[in-house]
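# Close look at the chain arrangement
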Amino acid sequence: MKNIFDTLLLTEIFQGLGITLKHLFKKKITYKYPYEDTPIFPRFRGVQYIKTHENGATKCVGCYLCQKVCPSECIHIVTDCGPNGERLIRKYEIDLSRCIYCGYCEEACPVDAVHMGRDYHTTDSTRDNYVINMKTLSENYKKELANAQAKGEQL
Amino acid sequence: MVTLKIDGIQVEVPKDYTILQAAEKAGVHIPVLCHDARLNPFGACRVCLIEAVGNPRLMTACTTPVAPDMDILTNTEKLQRIRKTVIELLLVNHPLECPVCDKGGECTLQDLTYEVGLTKVRFEATPADTPVDHTNPFIERDIDRCVLCGRCVRICDEVVNIQAISFINRGMETMIGTAFDQPWNCEFCGQCISVCPVGSLNNRVYLFKNRPWNLEKTDSICGLCGCGCYIELETEGNELYRMGEVPDKGANHGNLCAKGRFGFEFVNSVKRETSAKIKAAGEAADADFEQAVVTVAEKVKSIKAQHGADSVAVLVSPRLTNEEAFLANKLAKDVIGTAGMYAVEPHSSFPDATYADIETSDAVAVLNLDVTEANPILGLAVRAAARKNEAALYVFYPSETALKRLVTKQFTGNPDEVYASMTRLVEGQGEEASVLEVLKKAEKPVAVYNPYNQADLWFVSELKKQIPGLKVAAARAKANSQGVLDMGALDAAKLKEGIQNKTIKALICLGENPSVRTGWADLSLDSLELLAVTDPFMSETAKKATVYIPVATYAEKDGSFTNLEGRVQSVNKALCKGLKTDAEVIAALAEKLGKALPSCSCEIRELIRKEVSLYKDVDFDGGLVKYADAVTGEFAKPAKAAAGEGKYFLYPSSLRLHSGSYTRWSPDLAKVYGEAKLEISPADAEELGLEDGSSVSVSAAGITKTFKVHVEKHMTKGCVALPEDYADTAEIFGKGRYHKVSLGKKG
Ligand code: SF4
Ligand code: SF4
Ligand code: SF4
Ligand code: SF4
Ligand code: SF4
Ligand code: FES
């Protein structure tokens, strides 16, 4: 009997709407991404950057350790020997669409080159743009450096 | 036998064993750094120290022989402490550059550092920073990483016998180098790289290209010469990065030559063809595989219908696997209906002596062959006999060879003199009579000869008759020179005749490059209505082809090769470049001609077992084929070796860096030896006003060609030499292997 009564008068719907109404006037805890950035915490792991020397040359020596340690196999490196017998990095790519941001690459790097950055804006409309190369990674470093300096922090 | 205890485990070992060998038998691991089973004990590093109960002194396991009732401890606390200090001391000046060191990941020093648990060095010393040495075209030398184990020095001396490098200076200044710091010019065998436990000697062909943990290893056999070395193809994806040695497998004891270690790059070459080509009205145009095969099949059918089956011929290259050669023979015999396939390989010699026979021989004669250049690993066996076994070694060759440091006596001179000398040997006259006596008295005499010199076979067969115990080794040149014969290849002389008198209208040429083969270059292939060629590269013959199909190299297929010892060994596919193998080409062609043939190597192998009686019970992983005779046929005593009128004797030389035309596509080998050079003695060069690099014209048998000169101090005065298998030289050697030529300075 009560069931028929509830069904006819739509009481449950009004109850639900009531909760919605209550929350409408409460303090908001969500962020309006992408119009607004979520705050990030000091040990956040975002898109990688690779440090450069003062002369602009990359600090990475192409040792393949980050490629080896990466559990999602998203780092691809090709090295070669240069004309004067030096070690050349022909290719360094990270596929962000596979990266799980575990930070192992940062841990493995023996020369303080690759680091986890603080940027997480990776949305894109094509997969290709998720593959970032040494140039982007070095630019990321410049950006991270500028951001950190603006905040008076150190990288 | 001696009984002793190692870490409480009782073992019984022969009395000439070292403690290290005994420990191996007991299954106890003793860390080592300077030890290598192929080399004499040295005891340089002290990493293998062990304790014998009741003896206050520590001993090195790798050099100390066992004694009865020893009680050895290998891992006491004291030893652990000492071992750690030994490694710590090695690391004092060692640069901390494992991330950029090519050895990182397969470095014994790295492994030992982990093994002993060393994380900090107590001493403060600045790591050395000497510039890296690049004077050797194939070997990078970074002496700062050297631990002075002496393995490179020892292998270059004990095994290769070149003594190119040694310890120089003393004390803290000690390093590995060449005499008087001369540029490092040697055999380029790279044996020293293969034993270096650290990244001090590195392979420049592989330098910085990859890291060892990325590489997948496939056991296989080197396809670059007839020695048949057991190798490891190290690949990532479909790129070949290294051809490595496998010391405990195969008959080559992990030794390789410059071609094997540094010449593999042609497999990855961008110059390899990727698409088939069909020639119409003199213009070659790309075609797909299917089209190419159909074109060949149609042509074969129509020529066969018009001129009969015998107007079609199949020529196979000695680079083909046994399985492919067998299939090619089926194609020729069963599908097309001819007498069989042909191969440009001498038919009268067969394998007899094995490497082991040579290494343990007590008297070796090398007949008219520069063995260390032509067949480097066979050369190492000869060196081992002379060096380790102290065998009497006699070398008959126009010039001095690298064996000169080891010979009992060498007989040099112009080719006519060498032939005269070998004749005296066989007839037991003159000075050479004593050599014959030595060979007769020897327990295990061996003769090494060149089967490509038909004339030389007389000496071999005569020697065999006189010395019943004599074993002979024919220095076959190509990876499967012996195998293609075993699979039934006929003597190609008939084929040449057929093409010359135009009875052969169609030639299916599988991997062979007759245009540069000695004795073939003067043959015009223009009269053929169909010339179908398969080759990984656009070879000289392929350029003339009506239909050309690019095919896989030995690294891209399964099968087997039979080496010059008669040892059958499996070749395994390590990568794929998207190209068909010769077996697949043959099978496709047979199908279009109306008969199904298998293309899978295991199926073919089963057929070989059934149909080739020699291979009935042979083990395809290193088994020896048993041949009835080492040489067959009747031979005439050779008259004068050289024909012609000129002042100088010309003979074909062997090249350590090249074998046939394949290796010339390897950029690294070509950098060191590219075009054919004329070798000449300093005295003759001076007389003609020639020096290294100047041009000289060579005229013989109505042909004049120009070559660059290489002045070589080992050359005999009055003799010059040119390598075989080059387009330019093939024409000169087209009329025979020995000539009298006249030389003229150019420019
Ligand atoms: S964060 Fe993790 S998954 Fe991403 S690149 Fe580094 S190691 Fe790989
Ligand atoms: S671990 Fe560091 S130095 Fe090595 S390849 Fe990665 S980024 Fe470069
Ligand atoms: S030789 Fe070995 S220990 Fe030395 S830098 Fe190279 S990998 Fe590291
Ligand atoms: S490459 Fe061979 S010949 Fe040259 S130094 Fe090394 S071991 Fe000796
Ligand atoms: S000796 Fe012959 S088989 Fe051995 S590595 Fe050299 S080329 Fe290859
Ligand atoms: S391994 Fe024994 S002293 Fe080096």
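In the block above lies the structure referred to throughout.
Residues numbered from 1 in each chain as written. Chains lettered and ligands numbered in written order. Predicted model: local features only at pLDDT ≥ 70, side-chain atom pairs only at ≥ 80, totals over all residues. Heavy atoms only, no water.

## A few points about a nonpolar patch on the surface
A cluster of nonpolar side chains, I4, F5, L8 and L9 of chain A, forms an exposed patch at the surface whose accessible area comes to about 450 Å². Tracing the backbone through its elements, the reader meets F5 of chain A in helix 1 (residues 2–9). (Patch = residues over 30% accessible without salt bridge, like charges linked within 9 Å, V, L, I, M, F, W, Y side chains within 5 Å. Areas by Shrake-Rupley, 256 points an atom, 1.4 Å probe, with all protein chains shown as cover. Salt bridge = Lys/Arg side-chain N within 4 Å of Asp/Glu carboxyl O. Helix = DSSP H or I, 4+ residues; strand = E, 2+ residues; numbered from the N terminus.)

## As for the pattern of salt bridges
All names here are of chain B. Using the criterion set out here, one finds 47 salt bridges over all chains in the structure. Across the pair E234 and R242 runs a salt bridge, and its minimum N-O distance is 2.9 Å. We note that E234, like R242, is buried. For R261, the salt bridge goes to E245, with nearest N and O atoms at 2.6 Å. Here R261 is found in helix 6 (residues 258–262), whereas its partner E245 is found in strand 12 (residues 239–245), with 16 residues between them in sequence. A relative accessible area of 3% means that R261 is categorised as buried. (Buried < 20%, exposed > 50% of the residue type's maximum accessible area, 1.4 Å probe, protein only.)

## Quick word on the sheet that holds strand 3 (residues 87–95) of chain A
Residues and elements named next belong to chain A. With antiparallel pairing, three strands are arranged side by side in an open sheet as 2-3-5. Looking at which strands have only one partner, the edges of the open sheet turn out to be strand 2 (75–81) and strand 5 (131–133). The sheet shows a mean angle of 20 degrees between the axes of neighbouring strands, taken without regard to direction. Here strand 2 pairs with strand 3 via seven bridges, running antiparallel. Bridge pairing in strand 3 places H76 opposite E93. (Pairing = 2+ DSSP bridges. Axes fitted to C-alpha atoms, helices over the stretch in contact; angles between N-to-C directions.)

## Some thoughts on the interface of chain A and chain B
In this assembly, 14 residues from chain A lie in contact with 12 residues from chain B. Roughly 1,100 Å² of surface becomes buried between chain A and chain B when both sides are summed, with 61% attributable to carbon and sulfur atoms. Salt-bridge contacts for D80 of chain A lead to K209 of chain B; the nearest nitrogen and oxygen are separated by 3.9 Å. Viewed at the interface, chain B and chain A are joined by five residue pairs in polar contact (both at pLDDT 80 or more). Put simply, the parts of the chain that give the side of chain A that touches chain B at least two residues each are helix 3 (65–69) and strand 2 of chain A. Its residues placed into classes, the side of chain A that touches chain B shows six nonpolar, four polar and four charged. (Contact = heavy atoms within 4.5 Å. Buried area = accessible area lost by both parts, 1.4 Å probe. Polar contact = N/O pair within 3.5 Å; in protein donor to acceptor, adjacent residues only side chain to side chain. Nonpolar A, V, L, I, M, F, W, Y, C, P; charged D, E, K, R; others polar.)

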